[in-house]
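Read off the chains here:
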Amino acid sequence: MISVKDAEGTPYDAAKHSEVYGLQKITEAQSKRTTVCYSYFQPNGGAEMSSSPKERIYYVVKGSITVCGPDEKHVLNEGDLIYIAPGEERDMVINGGKPAEVLVTIVTP
C-alpha cells in the first residue's frame, strides 16, 4: 500500500502546461505503471494541444475545465472526469475565471 497525505508530494512541471502548480502523489517508481498527480491551475491556466503514449484520467475536484480534441469539446465541472486514450490529442483551458484543481491519473502501458 502507498499512503500519501494531503500536502505531501513532489512538485513537478508539466510539459506544455501554463499557470499550474502540480504535486506528484504517486510515481511509476512506487507503483510500476501508475502516476497520480494533483494539479492546481490558475484562472488563465491550461495545456497546449498534445498527445501522450499513456492513458490519462482527469478528475475535476474544484472549478471547471474544458478539454478539447481535434473534433470534440468537453466541459467538465466538479465531480466530472474524462478518460484520454493513448495517442489522443487534447488541450485544456480553465473556465469561469476561478482556479481549478484536477486529480490526474496516468497509466503506462
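Remember, predicted model here, so these are calculated numbers, not experimental data.

S.K.: For this particular structure, what's the right way to read the packing of aromatic side chains?
M.R.: Counting across every chain of the model gives two aromatic pairs. Geometrically, the ring pair formed by tyrosine 21 and tyrosine 40 is tilted, given 6.1 Å between the ring centres and 35° between the ring planes. One end of the pair, tyrosine 21, is in strand β2 (residues 17–26); the other, tyrosine 40, is in strand β3 (residues 34–50), and 19 residues separate them in sequence. Seen from their ring centres, tyrosine 38 and tyrosine 40 are 4.9 Å apart, and the 55° between their planes marks the pair as tilted. Note on tyrosine 38: relative accessible area 14%, which makes it buried. Under the relative-accessibility criterion, tyrosine 40 is labelled partly exposed at 26%.

S.K.: I would appreciate a short explanation of the side chain of asparagine 95 in the present structure.
M.R.: Its place among the elements puts asparagine 95 in the loop between β8 (90–94) and β9 (100–107). Separated by 3.0 Å, the side chains of asparagine 95 and threonine 66 make a polar contact.

S.K.: Teacher, can you tell me more about the side chain of arginine 90 here?
M.R.: Among the secondary structure elements, arginine 90 is positioned in strand β8. Side chain to side chain, arginine 90 and serine 50 meet in a polar contact 2.9 Å long. A polar side-chain atom of arginine 90 sits 3.2 Å from a polar atom in the side chain of tyrosine 58.

S.K.: What is the right way to look at the environment of proline 109 in this model?
M.R.: With respect to the helices, strands and loops of the structure, proline 109 is situated in the segment after β9. Through-space distance from the C-alpha of proline 109 to that of proline 86 is 8.8 Å; in sequence the pair is 23 residues apart. For proline 109, the residues in contact, after removing those within four places along its chain, are Arg33, Pro53 and Lys54.

S.K.: When you look at the pattern of salt bridges in this model, what are you seeing that I'm missing?
M.R.: Two side chains bearing opposite charge may form a pair once their charged atoms approach each other closely. Enumeration according to the criterion identifies one salt bridge in this entry. A salt bridge links lysine 54 to glutamate 28, with the shortest nitrogen-to-oxygen separation between them at 2.9 Å. Of this pair, lysine 54 sits in the loop between β3 and β4 (55–62) while glutamate 28 sits in helix α1 (residues 28–31); the two residues are 26 residues apart in sequence, bridging distant segments of the chain. Of the residues examined, lysine 54 reaches a relative accessible area of 27% and is grouped as partly exposed. According to the relative accessible area criterion, glutamate 28 is partly exposed, its value standing at 27%.

Calculation criteria
Residues numbered from 1 in each chain as written. Predicted model: local features only at pLDDT ≥ 70, side-chain atom pairs only at ≥ 80, totals over all residues. Heavy atoms only, no water. Phe/Tyr/Trp six-rings, centres within 6.5 Å; stacked < 30°, edge-to-face > 60°. Helix = DSSP H or I, 4+ residues; strand = E, 2+ residues; numbered from the N terminus. Buried < 20%, exposed > 50% of the residue type's maximum accessible area, 1.4 Å probe, protein only. Polar contact = N/O pair within 3.5 Å; in protein donor to acceptor, adjacent residues only side chain to side chain. Contact = heavy atoms within 4.5 Å. Salt bridge = Lys/Arg side-chain N within 4 Å of Asp/Glu carboxyl O.

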